[in-house]
Amino acid sequence: MRRRLPEVVRAIDRKIWRDLARMKGQVGAIAAVMSCGLAIFIAGMTCQGSLNRARAEYYAESLFAHVFAAVKSAPSSVTARIREIEGVSKVQSGIAQPVTVTVKDFTEPVTGRIISLPEAVEAMDLNRVTVRRGRWPVRGRDREILVSEPFFEAHRLALGDRIQVVLNGREEELTITGTGLSPDFIIEMPPGGFLPDSLRFGVFWMPGEDLEAAFAMEGAFNQVALGLGMGANQEEVIRQLDDLLEPYGGLGAFGREDQLSDRFIADELKQLRVMSFFPPAIFLSIAAYLLNVSLSRLMHLQRPQIAVLKSFGYSTGEIGWHYVKMASVLILLGTAGGSLLGAWMGRVMTGMYQRFYRFPVELYHADPALFALAAALMAVLAIAGVAGAVRSAVSIPPAVAMQPEPPAVYRKSILDRIPMLRGASPSARMLIRELERRPRRVFLGIFGIAFASSGLIMGNFGKDSIQYIIDVQFGLSQRFDAAVTFHRPAPLRVIQDLRAIDGVESVEPVRAVPVKFRLGPRSKQTTVQGVADPERFVRLKQLLDVDRHLVEPPREGLLISVALASALRAQAGDLLTLEILERNRPRREVAVAGIVEDFEGLSAYMSLSALNRVLREGPSVTLAFLRIDPAREKEVYQRLRESPRVAGVSLKRASMRSFLDTIGENLLRMRLFNVIFATTIAVGVIYNSMRVVLSERSRELATMRVIGFRHGEVSVILQGHLAVLVLCAIPLGLGLGTLFCLAIARSLTTDLYRVPFVLNRETFGVAILVVLAASFVCALFLDRGIRRLDLIAVLKARD
Amino acid sequence: MAENRRVVFAVRGITKVYGTGGLTVHALRGIDLDLHEGEFVVLLGASGSGKSTLLNILGGLDSASTGEVRFRDEEITAWPAARLTDFRRDHVGFVFQFYNLIPSLTARENVALVTDIARAPMTPEEALRMVDLQERMDHFPSQLSGGEQQRVAIARAIAKRPGVLLCDEPTGALDVRTGIGVLRAIERINREFGTTTVVITHNAVIAGMANRVIHISDGLIQRIEVNESRCDAGSLKW
């Protein structure tokens, strides 16, 4: 007896394979939906884990600072006093200056940031620069520098190459001795840009003495980073640091959380957390539901088999275990598929991140524990999906299970009472009553398809949103061709000088002032742009209200961007406290006059005269917008570069192109993932639901064929069922998709950038088309299924 | 008596072989048979004898491997699937052992399913009256007993006024009393409409109702009995 038992077990196990092989279409569809959910989960978690790990490792290794501050110019002796602030363990001070750069064979304007370096890396107590290629630059000799790795690679530079850099108004030739990366520039954002642009913005490191000499800042610093000891009170440190630096033109200290590069990573991680939770949860619930429906049907069909097994003496537990094992095969398939796909996607996505986030360590890191977690998660979900079906199937006593089942119970329904439907054909009634009999299943089926269509909408949301930004920002708002920044506030007459350049058609001056806004407990640091009187200067940067209508700053008061308004929770009429981060940091109160649509994050505008009144100074400019004759663009740029006042020039066309280049490819890839996944869900849900319906109704349909109904007349009953599901699902899906996009837009919007909630008509059109196409394919399969019904066998068998 | 009437089905030398290669099953090995208008024929035989295969070929549900079947002088064995569908739609009424009603339709609607597509049907109400179910017309199958369900199936089969009524073990799933009720309904149709009726059974008692009893075994007609007088369904006992 003991020796024979394993053989019997093997026979019942063989049944698992045969049953699954017969349901291979459904098995494939369920496994595919599972795989997609798991893949997104794994990919999202991998990116998140990789970024987190690389950041933590790199920060630790490079001694990334905790507190940062910029100052106009402070004597080096101040660092000793900073070191005395309680909680401060390390201080690193130096010089950082904006520069314009000329790279051979690259005619467009390039700007950058040049930062001082000590003699050797060991002398850096904080924010250590890692040399990736070549060697540390030596002072004096040949004006040596390190170049940031992305810039070096983007321009295909070689060690020993020379680049022209304007240092304090003098163009100098600097020699590249190596490439570097530093923890405060993991992502290199050009000032005012949306995205990194390694061709047009770079970071450069130069021996401190050389840089001090070039900027006549010997024995002084203009930026300082602090490392804090355990248990230090960061807020208190920042307060004391601000007080210390104030006499030297302190621009406000801030913590890591406000450091640009770190904040981008933090935002990215936040998005990844959202992404690796919600979509997989939806996918996996749908997969669990499909598993439940399909297995319930299978067990229903196998009621007599279950009864026979029970009559042979198999226990309820053994039979239940048999079906759980069958489900496990599916789970294994889904887990294997999802793990492979997820690992691949994780690699592709970290690759995408690597274009923006540069770490000297390998970014991609696949955590084996993650795969184990994913498998466990799948098991839990799948068992949840199977448990109910197994329980109800095995609990029927064998004698009952072997009896033919009584006909399914139907009742006259509300629909039968609608006079219009009284004349409906029997086929129509069959359809309506079937839908009414299983409202839960119909609802879940509709929901599943709706999720698929919402996925398609989310897939195209990014494109629509970016198109809108381009239309508004580059089309309506920015009427200029180039933006010129000055080293320091310049007198208004520089505008006349600019206008005098041959090829410059018009110029608009702007005075930008760094400020800290406060409203109640909230505060935000940014700049206020004073825009000139439209009667004296052409408006080249238009301000738009939320309805995209042109607005002008009023004589008094501020216009603030939507992002700033929401960050401060400010409304028109609120009185904001302005702490001006220049000179002796005066504080003023200014009222909010209105809100403007602006995708540059936290920004604020005033009329130049109002700003001058607030500053209590005469007119000056720090920024100018230019309209240039396209034919003379190069000459104009050459002239601008030669001007000692000019710190940087950016061309709108170039920044727009780089924006599209950088984001276009990633968007395309994400859209592709989205469309594939959404289509998989759509096909998975539709195919599975309809297979089950076909199986349940095969007897009826065969009967109808036998009594003389034509193939098409029978097929239409199932196709009608499918049509009802799809037609209900599409509007629901479009609605859900819209809601999801709204939620995404909200969750992705940060201080740094705002994601506008915009969906184009084509996006809805594409979603509808894809769902209809998926339904059509399923309808063909269904039709084939009906054609293949074995009329005689179906009629001979009892249900 | 039967021989004087018009031939409805003329079956000549049909065989049916299932499967290919080494494992073939000869379900029919050469059947010759004429069925006449208004005739009540019982096909008697053990399970696996080939009687259901013969019935399915007559009804256009299955095709013969060789031989020919003519229905009123037309050779149906040569027809494509679509033509066979129309043949079933216009001329054949089927009754099955397990009723095969549509559970989501009431008795009346189950019959209407056929009357909606037939050429000159009776009304569903008339058909249900023929089987004494006028009181239960708006009940769903789940609300009817087995015998009632089978009578609905008969009403559904005859509502199109078919030329032939083919019944495969119509009482197989029923007890004696309800079985007799069902047979009565079949008998009534046969007598009142003159519908050629073929009933498959392995219950020899039912043979008494027939004009002719055809014994089939091993894919061949073993013998044909002719009943000089038919018994009433009501007088049957088993």
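Residues numbered from 1 in each chain as written. Chains lettered and ligands numbered in written order. Predicted model: local features only at pLDDT ≥ 70, side-chain atom pairs only at ≥ 80, totals over all residues. Heavy atoms only, no water.

1. Topic: the overall build of chain B
Stated formally: Put simply, DSSP H or I for four residues or longer makes a helix, DSSP E for two residues or longer makes a strand, and each gets a number counted from the N terminus. All radius of gyration figures rest on C-alpha atoms, and the globule criterion is 2.2 Å times the number of residues raised to 0.38. Accessibility here uses a 1.4 Å probe with only protein chains present; expressed as a share of the type maximum, an area under 20% marks a residue as buried, one over 50% as exposed, and anything in between as partly exposed. Residue contacts are counted whenever heavy atoms from the two residues lie within 4.5 Å of one another. Each accessible area is a Shrake-Rupley result for a 1.4 Å probe, and residues are judged covered by the shown protein chains and nothing else. Positive residues here are Lys and Arg, negative ones are Asp and Glu, while His and the chain termini are left out of the count. Charge positions are represented by NZ for Lys, CZ for Arg, CG for Asp and CD for Glu.
Along chain B, the regular secondary structure elements total 6 helices and 10 strands. Its C-alpha radius of gyration of 17 Å places chain B within 12% of the 18 Å reference for a compact globule of 238 residues. In chain B, buried positions account for 58% of the 238 residues. Taking all contacts inside chain B whose residues are at least 6 apart in sequence as the whole, residues at least 24 apart take part in 71%. By element, 47% of the accessible surface of chain B is carried by carbon and sulfur atoms, the whole surface being about 9,400 Å². Side chains of chain B give 27 positive and 29 negative charges; the mean places of these two sets differ by 1 Å.

2. Thoughts on the overall build of chain A
The helix and strand tally for chain A stands at 22 helices and 22 strands. Within chain A, buried positions represent 55% of all 799 residues. Considering chain A, the positive charge centre built from 97 side chains and the negative charge centre built from 79 side chains are found 12 Å apart.

3. Thoughts on the environment of Ile580(A)
Structurally, Ile580(A) is set in strand β18 (residues 575-580). Each C-alpha atom, one on Ile580(A) and one on Asn688(A), is 64 Å from the other, the two residues being 108 residues apart in sequence.

4. Digging into the pairing of strand β6 (residues 92-95) of chain B
Residue and element names in this part refer to chain B. Test applied: Note: two strands are recorded as paired if DSSP finds a minimum of 2 bridges between them.
Of the two faces of β6, the one lined by Val92 and Phe94 and the one lined by Gly93 and Val95 are each fully buried. Note: β6 against strand β7 (residues 164-168), 4 bridges, orientation parallel. Paired with Gly93 across the bridge in β7 is Leu165.

5. Section: the interface of chain B and chain A
Quick note on the threshold: Buried area adds together the accessible area that both of two parts lose upon being put together, with accessible area traced by a 1.4 Å probe. Here, a salt bridge means any side-chain nitrogen of Lys or Arg that lies within 4 Å of a carboxyl oxygen of Asp or Glu. Within 3.5 Å is the distance limit for a polar contact, defined as a pair of N or O atoms, with the added protein rule that one can donate a hydrogen and the other accept it, and that residues adjacent in sequence qualify only through two side-chain atoms. Classification used: nonpolar for Ala, Val, Leu, Ile, Met, Phe, Trp, Tyr, Cys and Pro, charged for Asp, Glu, Lys and Arg, polar for all others including Gly.
Chain B puts 31 residues into the contact, and the matching count from chain A is 28 residues. Of the roughly 2,700 Å² buried where chain B meets chain A, counting both sides, 63% is carbon and sulfur surface. Remark: the boundary between chain B and chain A carries 4 salt bridges. In this structure, the salt-bridge partner of Arg433(A) is Glu109(B), at a minimum N-O distance of 2.5 Å. Summed over the shared surface of chain B and chain A, the number is 11 residue pairs in polar contact (both at pLDDT 80 or more). When contributions to the side of chain B that touches chain A are tallied by element, the ones reaching two or more residues are α1 (51-58), α2 (81-91), α3 (107-115) and α5 (146-158) of chain B. Here the residues of the side of chain B that touches chain A are counted per class, giving 13 nonpolar, 8 polar and 10 charged.

6. Side note on the sheet that holds strand β11 (residues 254-255) of chain A
All names here are of chain A. Pairing is antiparallel across the open sheet formed by 4 strands, whose spatial order is β2-β10-β1-β11. The strands lining the two open edges of the sheet, one partner per strand, are β2 (88-94) and β11. Bridge analysis of β2 against strand β10 (residues 220-228) gives 6 bridges, and the strand direction is antiparallel. Bridged to Gln92 within β10 is Ala225.

7. Quick notes on the packing of aromatic side chains
Each pair of aromatic rings is reported with the distance of its centres and the angle of its planes. Residue and element names in this part refer to chain A. What counts, and what does not: In summary, the pairing rule links any two rings of Phe, Tyr or Trp, Trp by its six-membered ring, whose centres are within 6.5 Å, and it sorts them by plane angle into stacked for under 30 degrees, edge-to-face for over 60 and tilted for everything else. By the criterion adopted, a ring carries a charge over it if an Arg CZ or a Lys NZ lies within 6 Å of its centre and within 35 degrees of its normal.
Taken as a whole and judged by the stated rule, the model has 18 aromatic pairs over all chains. Ring geometry for Phe151 and Phe204: centres 5.1 Å apart, planes at 80 degrees, overall edge-to-face. Linking Phe151 in helix α4 (residues 149-154) with Phe204 in strand β9 (residues 201-207), this pair joins segments that are 53 residues apart in sequence. Three or more aromatic residues joined by ring pairs make a cluster, and in this case those are Tyr59, Phe64, Phe68 and Phe254. Taking NZ or CZ as reference, Arg437 lies 4.5 Å from the ring centre of Tyr410, over its face.

8. Focus on empty space enclosed by the protein
Residue and element names in this part refer to chain A. Here is the rule: Throughout, the protein atoms alone are placed on a 1 Å grid, and a set of points is a cavity if a 1.4 Å probe fits but cannot get out or a pocket if it is open with protein on both sides within 12 Å along at least five of seven lines; lining residues have an atom within 4 Å of a point. Grid points are joined across faces, edges and corners, and a volume is the space filled by probe spheres set on the points.
All told, the structure shown has 7 cavities of 30 Å³ or more when counted by the stated rule. As a volume, the second largest cavity reaches approximately 70 Å³. Contributions of two or more residues to the lining of the second largest cavity are made by α14 (439-477), α19 (652-706) and α20 (711-748). Top contributing element to the lining of the second largest cavity by residue count: α14, with 3 residues.

9. A short note on the domain arrangement of chain A
Put simply, the rule reads: Domain extents, as shown, originate in an automatic or database domain assignment.
Looking at chain A, the domain boundaries give domain 1 (1-60 + 260-404) and domain 2 (479-659). If you average the C-alpha positions of domain 1 of chain A and of domain 2 of chain A, the two centres end up 54 Å apart.

10. Focus on the pattern of salt bridges
Residue and element names in this part refer to chain B. Per the stated rule, a full pass over the model turns up 51 salt bridges over all chains. Residue Asp34 pairs with Arg12 through a salt bridge whose shortest N-O separation is 3.0 Å. With Asp34 in strand β2 (residues 25-36) and Arg12 in strand β1 (residues 7-18), this pair connects stretches of sequence that are 22 residues apart. Classification of Asp34 as partly exposed rests on a relative accessible area of 23%. Assessed through its relative accessible area of 38%, Arg12 is described here as partly exposed. Put simply, Glu187 and Arg191 hold a salt bridge, and the shortest N to O gap is 3.7 Å. Of this pair, Glu187 and Arg191 are both found in helix α6 (residues 176-193), 4 residues apart, which corresponds to roughly one turn of the helix.

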